[in-house]
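# Descriptive analysis of the structure
What follows is the residue order along each chain.
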Amino acid sequence: MSDATETLPEDTASLKALALSLLSENKHLKLLVTKLQRRQFGRRSESFDVNQFAFLLGEACVNTAVPERNRQAQSRKKNTPSRKPLPAHLPREEKRHEISQDHCHCCGGALHVIGEDVSEVLEYVPARFKVIRHVRPKWACHHCHQIVQAPAAARPIPQGMAGPDLLAQVLVSKYCDHLPLYRQSQMYARDGVDLQRSTLADWVGKSSTLLSPLVDAIRRHTLGGETLHADDTPLPVLEPGKGRTKTGRLWTYVRDERPRQGRAPPSVWFAYTPDRKGKHPQDHLSTFSGIIHADGYAGFNALYETGDCVEAACMAHVRRKFYDIHVAQASPQAIHALAFIRQLYQIEADIRGKPPDERRRQRQQNAVPILTSFKRWLETTLMQVSRKSDLAKAIRYALSRWTALSRYCDDGRIEIDNNAAERALRAIALGRKNYLFAGSDAGGQRAAALYSLIGTARLNGLDPMAYLRHVLAIIAAHPINKIDELLPWNIQLPNTQPIAPRAVA
């Protein structure tokens, strides 16, 4: 302690400067701690009470042109949850509860039916294994001794014992329900079926190889549009022989034109790389030409420099930086920035699903004035706060990307944010909580392939389990030049209940 006090300056001005520096550093550390606590223990929602706008900033800071329906929704009392009827497509089993007498116990008169009460209880029938025996009788001709036999049925894995339904169960459990293979092995053992983890891993690898032409078709469709959402997320990968993991990356590329009434089916393609070098997205998108929604990662810059690709920045990333400051420091300036961004998103909510020309017209009319005021406020506030503060960093982040951030107002095809890509990555984020790492680079590539198929099926309103069952049952014998027939938007699944497509908000 004595050594520390000896190095302190003695003049008042230096001590004051040191105190201000420590206060700024302390605020930054509090922000980091708050972000980490919220990420680990807190809620994921970034919403907050809109009444804080008027309380902290005054009525003049909030655009009063909020749609009437939004104000009504905010003032409406929360409805009490009601029990929904059980799905009509489920099979019904009726159990009748009859009385043991046919005469009234009071007077002895005969009883007759006047109606009945019906109540339904949802029950679960545990999944079960079964063995299908494929029997092919042999027929012989007594004259020429020719033997005739029906051809063997095609199997997803040649000479393998797993049927398409079981393979689909393993794949969906791992990549959709986030159950590691060792847990699946334990679950199957409870049913008396011994399936080692190594066996399941072999099935996953061979299924991924079998489905690779379909994944390639999804990639071509995803990169064939005019707009693209791109993002990446870390994936721990085991380094064989070193007893440790490295950080690989899973890249996601999403094509979703539904918010602008596009007719192209939505799709998502994942790609795995062992690191995050900029050459990877450049290789992935070497044939793409159009608009890229991204988060400002420098690896995309080489694509923008060619002129074939145009950057569209993400307003949600800007909002998140101000929101973190608001949570950690209760900063009025952060609330002010959030108020501007909230108005921009209210406009987007009203024009979602409209054609590009109409979206552009309403943005020019309503969003451009807000963006102009927002930029002016950012520039003014930046001159009034410490350059080293977190608020200044958030403001500089927004201003440095302003051209790309405001580009969506000039083109109705562009979205205000990159949330489509972030939604696609949620499945991977959930999966990381259940498994520690991928077994190898090959495992990362298999994960990318299966995430592509499952994610695209869900975007198109298909149950991933039903989709993979159908595809795995026929793809081995399906002509490779007709692989597009098996894409999720071209397929009609028999006897399945459709699910709601993924949200586009």
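This one's a predicted model, so the numbers in the text were calculated from it and none came from an experiment. Position numbers for residues count from 1 along each chain, tracking the sequence in the order it is written. Given that the model is predicted, a residue must reach a pLDDT of at least 70 before its local features are reported, and side-chain atom pairs must reach 80 or more before they are shown or counted; all residues, however, enter totals for whole chains, interfaces and linings. To get the side-chain values, take all heavy atoms of the structure and skip hydrogens and water.

## Notes on the overall build of the chain
Stated precisely, the cut-off is as follows: The helix count covers DSSP runs of H or I at least four residues long, the strand count covers runs of E at least two residues long, and both are numbered beginning at the N terminus. Relative accessibility under 20% of the residue-type maximum defines a buried residue, over 50% an exposed one, and the middle range a partly exposed one, all with a 1.4 Å probe and only protein chains included. Contacts are assigned to residue pairs that have any heavy atoms within 4.5 Å of one another. Note that accessible areas follow from Shrake-Rupley with a 1.4 Å probe, and for residues the cover is restricted to the protein chains shown.
When helices and strands are counted, the chain shows 17 helices and seven strands. Per-residue burial for the chain yields a buried fraction of 39% across its 505 residues. Long-range pairs, those at least 24 residues apart, make up 67% of the contacts in the chain with a sequence separation of at least 6. Surface accessibility of the chain: about 30,600 Å² in total, with carbon and sulfur atoms responsible for 53%.

## Things to note about the packing of aromatic side chains
The criterion, for reference: Note on ring pairs: Phe, Tyr and Trp rings are taken, using the six-membered ring of Trp, and paired if centres are within 6.5 Å. Classes follow the plane angle, with under 30 degrees stacked, over 60 edge-to-face and the rest tilted. Consider the ring centre and the ring normal. A charge sits over the ring if Lys NZ or Arg CZ is within 6 Å of that centre and within 35 degrees of that normal.
With the rule as written, the count across this model stands at 10 aromatic pairs. With centroids separated by 5.5 Å and ring planes inclined at 80°, the aromatic side chains of Tyr175 and Tyr451 adopt a geometry described as edge-to-face. Highlighted residues: Tyr175 in helix H5 (residues 164–175) and Tyr451 in helix H16 (residues 441–459), separated in sequence by 276 residues. Ring geometry for Tyr253 and Trp269: centres 5.6 Å apart, planes at 25°, overall stacked. Here Trp269 lies in strand S5 (residues 267–273) and Tyr253 lies in strand S4 (residues 244–255), a separation of 16 residues in the sequence. Accessibility classification places Tyr253 together with Trp269 in one group, the buried group. Aromatic ring contacts, followed pair by pair, group Phe340, Phe374, Trp377 and Trp402 into a single cluster. Across the ring face of Tyr175, the terminal group of Lys174 is positioned such that the distance to the ring centre comes to 5.3 Å.

## Remarks on the state of the cysteines
Basically, it comes down to this: In this description, a disulfide is simply a cysteine sulfur pair whose atoms lie within 2.5 Å.
Considering all chains together, one arrives at zero disulfides under this definition. Free of any disulfide, Cys106 has its nearest cysteine sulfur in Cys104, 4.3 Å distant.

## Let's talk about the pattern of salt bridges
Note the cut-off: Within this document, salt bridges are pairs made up of a side-chain nitrogen of Lys or Arg and a carboxyl oxygen of Asp or Glu, the two lying within 4 Å of each other.
Counting across every chain of the model gives 18 salt bridges. With a closest N to O distance of 3.3 Å, Glu98 and Arg96 form a salt bridge. On the basis of relative accessibility, which here comes to 54%, the residue Arg96 falls in the exposed class. Here the residues in one salt-bridge network are Glu226, Arg255, Glu257, Arg260, Asp411 and Arg413, joined through shared partners.

## Things to note about the packing of H5 against helix H7 (residues 197–222)
To keep things clear, this is the line we draw: All axes are obtained by fitting lines to C-alpha atoms, using only the stretch in contact for helices, and the reported angles, taken between N-to-C directions, cover 0 to 180 degrees. Working definition: roughly parallel below 35 degrees, roughly antiparallel above 145 degrees, roughly perpendicular at 65 to 115 degrees, and oblique for all remaining angles. Residues were grouped as follows: Ala, Val, Leu, Ile, Met, Phe, Trp, Tyr, Cys and Pro as nonpolar; Asp, Glu, Lys and Arg as charged; and all remaining residues, including Gly, as polar.
With their axes 10 Å apart at the nearest point, H5 and H7 run at an angle of 100° to one another. Comparing the axis directions of H5 and H7 gives the class roughly perpendicular. Contacts between H5 and H7 involve Leu166, Leu167, Val170, Leu171 and Tyr175 from the former and Leu200, Trp203, Val204, Ser207 and Leu211 from the latter. Of the residues contributing to the contact of H5 with H7, the split by class is nine nonpolar, one polar and no charged.

## Quick word on the environment of Ala404
In this fold, Ala404 is placed in helix H14 (residues 402–406). Accessibility expressed as a relative area gives 7% for Ala404, which makes it buried. Here the alpha-carbon distance between Ala404 and Glu311, two residues 93 residues apart in the chain, equals 5.9 Å. Discounting chain neighbours no more than four positions away, the residues touching Ala404 are Glu311, Ala312 and Ala313.

## Details of the confidence of the model for the chain
Put simply, the rule reads: The pLDDT score gives, residue by residue, the confidence of the prediction method on a 0 to 100 scale.
Here the chain shows a mean pLDDT of 84. Residues at 70 or above account for 81%. Overall, residues 54–69 carries pLDDT values under 50, and its contacts beyond four positions in sequence, including any with other chains, amount to 24 contacts.

## With respect to the pairing of S4
If a strand is regular, its side chains alternate between the two faces of the sheet. As a reminder, the rule being used: The pairing criterion is simple: DSSP has to find at least two bridges between the two strands.
Bridge count for strand S3 (residues 227–239) against S4 is 11 bridges, and the pairing is antiparallel. Among the inter-strand pairings, Leu235 is bridged to a residue of S4, identified as Gly248. In this structure, S4 lies alongside S5, joined through seven bridges in antiparallel fashion. Note that in S5 the partner of Arg249 across the bridge is Thr273.

## Some remarks on the packing of H7 against helix H17 (residues 464–474)
Here H7 crosses H17 at 105°, and the two axes come no closer than 11 Å. When the axis of H7 is compared with that of H17, the two are roughly perpendicular. Residues Leu210, Leu211 and Leu214 of H7 form the contact with H17, whose own contacting residues are Tyr467, Leu468, Val471 and Leu472. Its residues assigned to classes, the contact of H7 with H17 comprises seven nonpolar, no polar and no charged.

## Section: the sheet that holds strand S7 (residues 309–312)
With mixed pairing, five strands are arranged side by side in an open sheet as S5-S4-S3-S6-S7. Bordering the open sheet on either side are S5 and S7, each of which pairs with just one other strand. For this sheet, the mean angle separating the axes of adjacent strands, direction not counted, is 30°. Most of the contacts of H7 go to S5, to which it runs at about 110°, and overall it touches S3, S4 and S5. With respect to the sheet, helix H15 (residues 419–432) is in contact with S3, S4 and S5, its orientation differing from that of S3 by roughly 15°.

## A look at unusual backbone geometry
At Gln159, a position not held by glycine, the phi torsion is positive, near 60°. Structurally, Gln159 is set in the loop between strand S2 (147–149) and H5. The phi dihedral of Gln261 is positive, around 65°, even though this residue is not glycine. Following the sequence through the fold, Gln261 ends up in the loop between S4 and S5.

## Here's the deal with the pairing of S3
For S3, the tally of buried residues reaches 10 of 13 residues, placing the bulk of the element in the interior. Bridge analysis of S3 against strand S6 (residues 290–293) gives three bridges, and the strand direction is parallel. Bridge pairing links Thr227 to Ile291 in S6. In sequence, S3 turns back onto S4 through a hairpin of four residues, with Gly241 there showing a positive phi of about 85°.

## Topic: the side chain of Gln362
Within the element layout of this structure, Gln362 appears in helix H12 (residues 356–382). Ignoring any residue separated from it by four or fewer positions in sequence, one finds Gln362 in contact with Ile351, Lys354 and Ala367.

## Overview of H15
Because each turn of an α-helix spans 3.6 residues, side chains separated by three or four positions end up pointing in the same direction. Rules: Expected helix span is computed as 1.5 Å times (number of residues minus one). Two axes are fitted around each residue, one to the seven residues ending there and one to the seven starting there, and the angle between them is reported as the bend at that residue.
Taking 1.5 Å per residue, 14 residues should reach 20 Å; H15 reaches 20 Å between its end C-alpha atoms and fits that length. The principal kink in H15, of about 30°, is found at Leu425. Those residues of H15 that sit buried are Ala420, Ala421, Arg423, Ala424, Leu425, Ile428 and Gly431. Where H15 is buried, its residues contact S3, S4, S5 and H16.

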